[in-house]
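Structure at a glance
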Amino acid sequence: MEVTRTKVEGDLRVRQLKAQQLLRGELEGEDLEREVEQRLLFTRFEVAQNWARKNALFPLGFGLACCAIEMITVIGSPRNDLSRFGAEVTRFSPRQADLLILSGRVSIKMAPIIRRLYDQMLEPKWVIAMGACSSTAGMFNNYAVVQGADKFMPVDVYVPGCPPRPEALIYGIMKLQDKIMGNPGMGWRERYRAEGTEEIA
Amino acid sequence: MPDATGLELIAQRVREKVGDEAVTGTVFHRRHATLDVAPPSVRDVLAHLRDDEGEPWDQLMSVHGVDYLPEEPRLGIHYELLSMERADRLNVRTRVSTEEPHVPTVVDLYPTADFHEREVFDMFGVVFDGHPDMRRILMPEDYEGYPQRRDFPMGGEPVIYTFNEPKLPRWYD
């Protein structure tokens, strides 16, 4: 959403007085035009809705393995302070959460449980695969671990690393916020001008 | 660890008390004493080692399985015994084949063996006769096969490195 700011002339007292007059209906003509222009913001409803959603992401309090430590550092600690970006309030019920951070390896015994948690979350909902293990199984190329969480559920953002640094996860969440606003970063596609060549499943 | 002579003495006492056919051999390798035992008499041997006057082995530290694939019988079950009195360990081992993997349980002697035996059953498919609750413990209940056996496929997906690139299908093929 593009917000253009124009400098408001006059000091605070004058502006307060103008606002009172505007509400009372005492302004007329050119004065009224200018006041309305300064105080109104035009946008589409969907954009405003998405803007509200992206700034109120509620992550599910849910850790899988060692990446959970980094995730807790991001979500819970004042050092990294995810609330700066509006995604801080952890909800421990999938009914109230709308962001699922898969922090760690997903074993084949855990996969149906995660799928159920995902199904219980209300729309709209987003998923971040955090770390190498939940993205591609990482080094666990064996019988017990699902080879990438996207085998059984949709994933929006993949954060590489083993585990990713807290800054990387915050960057992933900001990428997700871009996606929620409708202009996702295209990554290498943008760099190599390959947009529009996505595979359609 | 008991030294090689001590191990032979233990084996001799077990032969006297439990029976000649109970002990199939002794291995003393890298200061680690192993008493090889015939599968049917595992429970009797462990009971003797725990309860006899001259034997101090009163704790079972772990039960674990091994797959010695080229050798027969393939599967091995190790009982790791500890004596706090002598600060000493003794390994009791028995070998079963994959066709008939049956061993008597020791849960009534050592309650700690409950989960250990279930894990050996889960990973190697060894059935402990008389166990109160012989189910899988780690893998899902409907899982097929015993994943720690050496002839079990690795699972996962083939990963392409430079050394195996010609052998595996390429992503662009």
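Everything discussed here concerns the structure shown above.
Fair warning: this is a prediction, and the values are worked out from it, not measured in the lab. (Residues numbered from 1 in each chain as written. Chains lettered and ligands numbered in written order. Predicted model: local features only at pLDDT ≥ 70, side-chain atom pairs only at ≥ 80, totals over all residues.)

In terms of regular secondary structure, chain A is built from eight helices and three strands. In chain A, the succession of helices and strands from N to C terminus is α-α-α-α-β-α-β-α-β-α-α. A compact globule built from 201 residues would reach a C-alpha radius of gyration of about 17 Å, whereas chain A, at 22 Å, exceeds it by more than 25%. Considering only C-alpha atoms, chain A reaches an extent of 75 × 40 × 30 Å along its principal axes. Looking at chain A as a whole, 26% of its 201 residues are labelled buried. Considering only contacts within chain A whose residues lie at least 6 apart along the sequence, 74% involve residues at least 24 apart. (Helix = DSSP H or I, 4+ residues; strand = E, 2+ residues; numbered from the N terminus. Rg over C-alpha atoms; globule rule 2.2 N^0.38 Å. Buried ≥ 20, exposed ≤ 12 C-beta atoms within 10 Å, placed from the backbone. Contact = placed C-beta atoms within 7 Å.)

Here the focus is the nonpolar core. L99, L102, I128, A129 and M130 of chain A are the most contacted members of the largest nonpolar core, which totals 36 residues. Sorting the residues of this core by element identifies helix 4 (67-76), strand 1 (99-103), strand 2 (126-130), helix 6 (131-136), strand 3 (157-159) and helix 7 (166-180) of chain A as the ones contributing at least two each. Setting aside residues up to four positions removed in sequence, M130 of chain A forms contacts with C67, M71, I101, L102, S103, V159, P164 and L169 of chain A. One finds V42, W57, L90 and V106 of chain B within the second-largest nonpolar core, a separate group that totals 35 residues. (Core = buried A, V, L, I, M, F, W, Y, C linked by C-beta atoms within 7 Å.)

Residue and element names in this part refer to chain A. The strand order across the open sheet built from three strands is 1-2-3, with neighbouring strands paired in parallel fashion. Edge positions in the open sheet fall to strand 1 and strand 3, since each of these has one partner strand only. Direction aside, neighbouring strands of the sheet carry axes that sit 20° apart on average. Relative to strand 2, strand 1 is paired through five bridges, and the arrangement is parallel. Bridging across to strand 2, I101 finds its partner in I128. In the packing of helix 7 onto the sheet, the strands contacted are strand 2 and strand 3, and the crossing angle to strand 3 comes to about 170°. (Pairing = 2+ DSSP bridges. Axes fitted to C-alpha atoms, helices over the stretch in contact; angles between N-to-C directions.)

A few words on the pairing of strand 4 (residues 75-83) of chain B. Regular strands have side chains that alternate between both faces of the sheet. Residues and elements named next belong to chain B. Judged from the eight bridges that link them, strand 3 (residues 59-67) and strand 4 form a sheet pairing that is antiparallel. Residue pairing for strand 4: Q59 is matched across the bridge by L82. Examined bridge by bridge, strand 4 and strand 5 (residues 88-96) share nine bridges and lie antiparallel to one another. Residue pairing in the sheet places L75 in a bridge with V96 of strand 5. The hairpin formed by strand 4 and strand 5 contains four residues between the paired strands, and A87 there has a positive phi angle of roughly 50°.

Another aspect to go through is the packing of helix 4 of chain A against helix 7 of chain A. All names here are of chain A. The geometry of helix 4 relative to helix 7 is characterised by a closest axis approach of 9 Å and an angle of 65° between their N-to-C directions. Our classification of the angle between helix 4 and helix 7 gives roughly perpendicular. The handedness of the crossing between helix 4 and helix 7 is right-handed. Of the residues in helix 7, those in contact with E70, M71, T73 and V74 of helix 4 are P166, L169 and I170. (Parallel < 35°, antiparallel > 145°, perpendicular 65-115°, else oblique. Left-handed = near helix turned anticlockwise from the far one by under 90°.)

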